[in-house]
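# Close look at the chain arrangement
For reference, the chains in residue letters:
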Amino acid sequence: MSETVRIIEMGPRDGLQNEKTPVDVADRIAFVEQLFDAGLHTIEVGAFVSAKAIPQMMGSDQVLRGVSHLTGGEFHVLVPNEKGYDAARAAGARVISVFAAASEGFSRANINCGIAESIERFKPVVARATADGVRVRGYISCVLGCPFDGEIKPQAVADVAKQLWELGCYEISLGDTIGVGTPLKARQLLRAVAGSVPMAHLAMHFHDTYGQALANLYAGMEEGARVIDAAAGGLGGCPFAPGATGNVATEDVVYMLEGLGVATGVDMTKLLAATNAISSLIGRAPASRVAAALNAKNRRARGG
Ligand code: HMG
Ligand code: MG
């Protein structure tokens, strides 16, 4: 596997949206700056959603404006509807992400409407974005299982993926929101969805709740997928998905990819520093195994 893999860093959005301790705008900007400096140039930095639903993402407009000086960066934000689009555009968004689900139960819990209605809500958003030259990414949650509806059939995911693709999304990110997938299921999922959307336009967004995310990514890579969503330190989770923990950790992904001979362009020392800084702000140790191992190694080297 010597080709390149694109990593989309999720820490400042998915990572922080579920944290009990809200992180203020200045610290979120500093986090993005550190991640960018570590070589992560595509970063999801916020969400234009209801402040009642996700108070942690308040001030996403200031975060987006505050990182605009990082030349060469691609900064993504979540947008659920036209109101969110207005705010994202006013803050200078160049890439937005709409987010649907593969299950009715999660769709209602997360965005207060069913799947078909969510697609209708996205239509004017995507149409306006296209006219404005703004690129639109599309998420599908609960692709490998739902906390409300249970088992999800790959074909159900493929159907939603097809709709988002036909709407005009340039990439479809497949979210194992509650991290229940296993490599066989991930493989079957990618095969099924690739029947509707070219593999090159699929991203793997796997949470690590059951410790399967790296194995699932590897299985997906064997199927040909080359885009990975990950969060520094393994931060993350969704408040509307009971039991969901963080995204696969960026450190763990980078370590695996470099071991496979896939260059990531990420400086592990700088990434670890970013993870340690945000972890001390929110008051807990990183979930990443690689971060824990490197921190322990560094302590030993200092004689601690
Ligand atoms: P709703 O209640 O159906 O919307 O919420 P509404 O149009 O009836 O409006 C209700 C209130 O929300 C109104 O305010 C609106 O102005 C306001 P009020 O009059 O009550 O004061 N409102 C907004 N405010 C700010 N920005 C907006 C916006 N829209 C309406 N864009 C809505 C629908 C989608 C807005 C709501 O349910 C919501 O914000 N949900 C948040 C969902 C969310 O952010 N979830 C986490 C991210 S998704 C995720 O983590 C999964 C992912 O990582 C992939 C994976 O892992 O699977 C992407
Ligand atoms: Mg997620």
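Here's a quick rundown of the structure. Numbering of residues starts from 1 in every chain and runs along the sequence as written. Lettering of chains starts at A and numbering of ligands starts at 1, both following the order in which they are written. Where local features are concerned, this predicted model is filtered to residues with pLDDT of at least 70; where side-chain atom pairs are given and counted, the filter is 80 or more; whole-chain, interface and lining totals use all residues. With hydrogens and water set aside, each side-chain value is computed from the structure's full complement of heavy atoms.

A run of H or I in DSSP counts as a helix once it spans at least four residues, and a run of E counts as a strand once it spans at least two, with each numbered from the N terminus. Secondary structure assignment for the protein yields 12 helices and eight strands. Along the longest, intermediate and shortest principal axes, the C-alpha atoms of the protein span 60 × 40 × 35 Å. Accessible area is worked out with a 1.4 Å probe on protein chains only. A residue is then buried under 20% of its type maximum, exposed over 50%, and partly exposed in between. In the protein, which comprises 304 residues, the proportion classed as buried is 55%. Contacts are assigned to residue pairs that have any heavy atoms within 4.5 Å of one another. At a minimum sequence separation of 6, the contacts of the protein that also span at least 24 residues come to 75%. To be clear on the numbers: accessible area is Shrake-Rupley with a 1.4 Å probe, and residue cover counts the displayed protein chains and nothing else. A total accessible area of about 12300 Å² is found for the protein, and carbon and sulfur atoms account for 53% of it.

Time to look at the site of ligand 1. Lining the immediate environment of ligand 1, one finds 26 residues, of which Gln17, Asn110, Asn112, Ser141 and Thr177 sit closest. Taking Lys83, its side chain carries an N or O atom lying 3.5 Å from an oxygen atom of ligand 1. Identification of polar contacts relies on pairs of N or O atoms within 3.5 Å, with a donor-acceptor requirement for protein atoms, meaning one able to donate a hydrogen and the other able to accept it, and with residues adjacent in sequence counted only if both atoms are side-chain atoms. Take Thr177: an N or O atom from its side chain is 2.5 Å from an oxygen atom of ligand 1. Calculation on ligand 1 without its partners gives an accessible area of 1100 Å², and the protein chains cover 72% of this total. Buriedness of a pocket was judged along seven lines, with at least five required to meet protein on both sides within 12 Å; pockets are open sets of points on a 1 Å grid over the protein atoms alone, cavities are sets where a 1.4 Å probe fits but cannot get out, and lining residues have an atom within 4 Å of a point. Whether a molecule lies in a cavity or pocket depends on its atoms, and more than half of them have to be within 2 Å of the grid points. Because more than half of its atoms lie within 2 Å of the grid, ligand 1 is assigned to the largest pocket. Where the shell around ligand 1 is concerned, the elements lending two or more residues are helix H1 (11-15), helix H4 (82-90), helix H5 (104-111) and strand E5 (135-141). Of the residues that constitute the shell around ligand 1, the class distribution is 10 nonpolar, 11 polar and five charged. We call a residue near a molecule or strand whenever a single non-hydrogen atom of that residue lies within 4 Å of it. Any residue outside Ala, Val, Leu, Ile, Met, Phe, Trp, Tyr, Cys, Pro, Asp, Glu, Lys and Arg is labelled polar, Gly included; the first ten of those are nonpolar and the last four are charged.

Such coordinate-based values are descriptive only and should not be taken to indicate function.
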